[in-house]
Amino acid sequence: MPETTRARRRLFDLALWLLLCVPVLLRSDPNDGGSWLQVAAGVTLLGGCVAVSRRLPLLPLAATVAASLPATLELFTPSYSLALVAFGYLAGRRQDHTRGSLWLFGAVAAVGLLLTRLTGTSLGPWFTLLLALALAIVAPWLVGRYVRQYDRLVRSGWELADRMEREQAAVADRERLRERSRIAGDMHDSLGHDLALIAVRAGALEVDPGLGAEQQRAAGELRRAAAEATERLRDVIGVLREEGAGAPTAPPGETAGELVDRARASGLDVTLSGAPPELPGMAGRALYRVVQEGLTNAAKHAPGAAVAVGFRETGPRVTVRVESGPGTGGGPPASGGSGLVGLDERVRLAGGTLTHGPVRGGGFALAAVLPRRVPAAVPAAPTSARELDRARRRVREDLVRAIWIPLALLAALAVLTAGVAVWSQSRSYLEPDNYARLLVGQTYAEIVEDLPDHALETPPRGLPAEPAGVDDCRYYRATVFAEVPVYRLCFDGGRLVSADELP
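As the structure is a prediction and not an experimental result, all values here were calculated from the model.

## Details of the state of the cysteines
Then, in step 1: Counted by the stated rule, this structure contains one disulfide.
Then, in step 2: With a sulfur-sulfur separation of 2.2 Å, Cys473 is cross-linked through a disulfide to Cys490. When the S-S torsion is 105 degrees, as for the bridge of Cys473 with Cys490, the disulfide is right-handed. A residue pair is termed long-range when its members are at least 10 positions apart, and Cys473 in strand S6 (residues 472-477) and Cys490 in strand S7 (residues 486-492) qualify at 17 residues.

## Topic: the pairing of strand S2 (residues 307-314)
Then, in step 1: Relative to S2, strand S1 (residues 270-273) runs parallel, the two sharing four bridges. Each residue of the ladder has a partner; that of Val270, found in S2, is Val307.
Then, in step 2: In this sheet, strand S3 (residues 317-324) lies alongside S2 in antiparallel orientation, the contact comprising eight bridges. What sits directly across from Val309, in S3, is Val322.
Then, in step 3: Between the end of S2 and the start of S3, which pair antiparallel, lie two residues, with Gly315 showing a positive phi angle near 65 degrees.

## Some details on the packing of helix H9 (residues 256-265) against helix H10 (residues 281-301)
Then, in step 1: Contact geometry of H9 with H10 gives a least axis separation of 9 Å together with a crossing angle of 15 degrees. Considering the angle they form, H9 stands roughly parallel to H10. As for the relative orientation of H9 and H10, their crossing is right-handed in sense. On H10, the residues touching Ala256, Leu259, Val260 and Ala263 of H9 are Tyr288, Val291, Gln292 and Leu295.
Then, in step 2: Each residue belonging to the contact of H9 with H10 can be placed in one class, and the counts come to seven nonpolar, one polar and no charged.

## A closer look at the confidence of the model for the chain
Then, in step 1: Averaged over every residue, the pLDDT of the chain is 78; the share at 70 or more is 81%.
Then, in step 2: Model confidence for the chain, summarised as mean pLDDT per element, is weakest for helix H2 (residues 30-33) at 52 and strongest for S3 at 92.
Then, in step 3: Predicted confidence is poor over residues 245-252, with pLDDT under 50, and the contacts of this stretch with residues over four places away or in other chains come to 20 contacts.
Then, in step 4: Residue range residues 329-337 is modelled with pLDDT below 50. Its contacts to residues more than four positions away, or to other chains, number 16 contacts.

## Thoughts on the pattern of salt bridges
Then, in step 1: With the rule as written, the count across this model stands at 13 salt bridges.
Then, in step 2: Residue Glu323 pairs with Arg321 through a salt bridge whose shortest N-O separation is 3.3 Å.
Then, in step 3: Exposure remark for Glu323: the relative accessible area of 30% places this residue in the partly exposed category.
Then, in step 4: When salt bridges that share partners are traced, they join Glu3, Arg6 and Arg10 into one network.

## Notes on the packing of aromatic side chains
Between two aromatic rings, the relevant description is the distance of the centres plus the angle of the planes.
Then, in step 1: What the rule picks out here adds up to three aromatic pairs.
Then, in step 2: Ring centres 5.4 Å apart and planes at 85 degrees place the aromatic pair Phe105 and Trp141 in the edge-to-face group. Of this pair, Phe105 sits in helix H6 (residues 99-119) while Trp141 sits in helix H7 (residues 124-206), and the two are 36 residues apart along the sequence.
Then, in step 3: With relative accessibility at 2%, the residue Trp141 sits in the buried group.
Then, in step 4: Taking the centre distance of 5.6 Å and the plane angle of 80 degrees together, the rings of Tyr444 and Phe491 count as edge-to-face. Taken together, the positions of Tyr444 in helix H14 (residues 444-447) and Phe491 in strand S7 put the pair 47 residues apart, joining distant regions of the chain.
Then, in step 5: The buried category is assigned to Phe491, whose relative accessible area is 6%.

## What to know about helix H1 (residues 3-26)
Then, in step 1: An ideal rise of 1.5 Å per residue puts 34 Å on 24 residues; H1 measures up with 35 Å between its terminal C-alpha atoms.
Then, in step 2: Contacts from the buried residues of H1 go to helix H3 (36-52) and helix H5 (81-94).

## Observations concerning the side chain of Gln442
Then, in step 1: Mapped onto the elements, Gln442 comes out in the loop between helix H13 (432-436) and H14.
Then, in step 2: Apart from the residues lying within four places of it in its own chain, the contact partners of Gln442 are Arg437, Ile447, Gly494, Arg495 and Leu496.

## Brief notes about the sheet that holds S1
Then, in step 1: One open sheet holds the five strands; their spatial order is S1-S2-S3-S5-S4, and the pairing between them is mixed. Both outer strands of the open sheet, S1 and strand S4 (353-358), are each paired with one neighbouring strand and no more. Within the sheet, the average angular offset between the axes of one strand and its neighbour, ignoring direction, is 10 degrees.
Then, in step 2: Taken strand by strand, H9 contacts S1 and S2, and its axis lies near 155 degrees from that of S1.

## Observations concerning the sheet that holds S7
Then, in step 1: In space, the three strands of this open sheet follow the order S6-S7-S8, with antiparallel pairing throughout. In this open sheet, the two strands that pair with only one neighbour each are S6 and strand S8 (495-502). Direction aside, neighbouring strands of the sheet carry axes that sit 20 degrees apart on average.
Then, in step 2: Across six bridges, the pairing between S6 and S7 is antiparallel.

## Description of the environment of Val50
Then, in step 1: If you trace the backbone, Val50 turns up in helix H3.
Then, in step 2: Given the relative accessible area of 3%, Val50 is considered buried.
Then, in step 3: In this structure, the C-alpha to C-alpha distance between Val50 and Trp17, residues 33 residues apart in sequence, is 6.4 Å.
Then, in step 4: Those residues in contact with Val50 that sit more than four places away from it in its chain are Asp13, Leu16, Trp17, Leu20 and Phe87.

## Quick look at the pairing of S8
Then, in step 1: Here S7 runs beside S8; their pairing, made up of seven bridges, is antiparallel. The residue of S8 that forms the bridge with Val486 is Leu502.

## Description of the packing of H3 against helix H4 (residues 58-68)
Then, in step 1: One way to put it is that H3 packs onto H4 with a least axis distance of 8 Å and a crossing angle of 160 degrees. Here H4 runs roughly antiparallel to H3, going by the angle between their axes. For H3 against H4, the interelement crossing comes out left-handed. Counted together, Leu45, Cys49 and Val52 of H3 and Leu59, Pro60, Ala63, Thr64 and Ala67 of H4 form the full contact between these two elements.
Then, in step 2: Here the residues of the contact of H3 with H4 sort into seven nonpolar, one polar and no charged.

Basis of the calculations
- Residues numbered from 1 in each chain as written.
- Predicted model: local features only at pLDDT ≥ 70, side-chain atom pairs only at ≥ 80, totals over all residues.
- Heavy atoms only, no water.
- Disulfide = S-S within 2.5 Å.
- Helix = DSSP H or I, 4+ residues; strand = E, 2+ residues; numbered from the N terminus.
- Pairing = 2+ DSSP bridges.
- Axes fitted to C-alpha atoms, helices over the stretch in contact; angles between N-to-C directions.
- Parallel < 35°, antiparallel > 145°, perpendicular 65-115°, else oblique.
- Left-handed = near helix turned anticlockwise from the far one by under 90°.
- Contact = heavy atoms within 4.5 Å.
- Nonpolar A, V, L, I, M, F, W, Y, C, P; charged D, E, K, R; others polar.
- pLDDT = per-residue confidence, 0-100.
- Salt bridge = Lys/Arg side-chain N within 4 Å of Asp/Glu carboxyl O.
- Buried < 20%, exposed > 50% of the residue type's maximum accessible area, 1.4 Å probe, protein only.
- Phe/Tyr/Trp six-rings, centres within 6.5 Å; stacked < 30°, edge-to-face > 60°.
- Expected span 1.5 Å × (residues − 1).

Structural data, given as structure tokens:
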């Protein structure tokens, strides 16, 4: 990490700590900041929370909740409410996964309910805790998750753009290398063929009886030099070619028929059967290269041998065959090195097949079957497009998750609130039949079995005043859901002195 980034983070953490300490230093609530000891503890706690908030985003949030609950079960305190909002946002902004946050939110709600039941208070503070949890923690957490997803989308876009630029530069470099390889291949094919023909003419002079011994020796040296130059040319061109590169596809400057005529004029014994067809594009270039490779191999490896070149057309395909007999130069009839490998690749790219091998009598044959039309290649989807689609799908899934999780929490909270409300109201509901059995003068012990478990904590507003001379009046719901009417039972000395249904 660069030093400037590290320093910027330290300044941000320091500013955040000072800001969160302001409500604690104000001591606005005697319950959570009334004494300087509590202030010192709060300042120290917030400092530790800020220090670990980058490595453990949920720990500061849990510590702040733990510091707030002892002060009030409603979770909202003047000293730590700002810290809850800040750490809730930072947890959503810095946390990779949402599962831990959801477990923490559920644990806070469960602990609040447990403390409410242990202290014997009503469920009102717990509902306030749930509201504070939703507004002060969950809502900032959702904002942090949204900011995180947005930043991830922007960062992914820039990364993909940078990758696409690098890929375009790499493609341009590969194209330049491939073009150089094609030029090198054409140099090898053309110059190698010409050198092979020079060797053929030198070989003919070497055995010409009309020349003296000195001239025949010079012709032999010329033939051997041409062969060595061909081999050196093959090695040099092989260095220039890419590893695993395809066959060169640059067109030669003559047709297959003209090539055969030039070879015959150079002294090679060549016979031609069938008319050389005219094929378009890569198929025509592959046809030319098959004839050129066959003639070059015959001149280099079987000097003095007769060569037969034949063409045959069968429907949509063309067959070319170059066959040479056994030579007198003592060399093998077949071609070595990468000549046949590159030729096979060229024929395959043109949609054809290449075969080669020895024939009866010691000769060698090279044949290819080529289509009149080269099949179109199916372009592959660009890698950058697939990466961009994958990144968009990931961000879309995260955003959907960030939406349905809070909606599910709110729905669960609404259902829980409604269920608890119905349950609480039912515990203060006095059934009409039980109310009808009540008689003035009965003791509380005699009627307690007909009464609900709990009376209303506060009676509805607007009811008539309680009768004078009574010790206690209790109010019960006459219906489960409606606030009024209510039943009012008044006791004096432990006996029922009045039972009224108040509208």
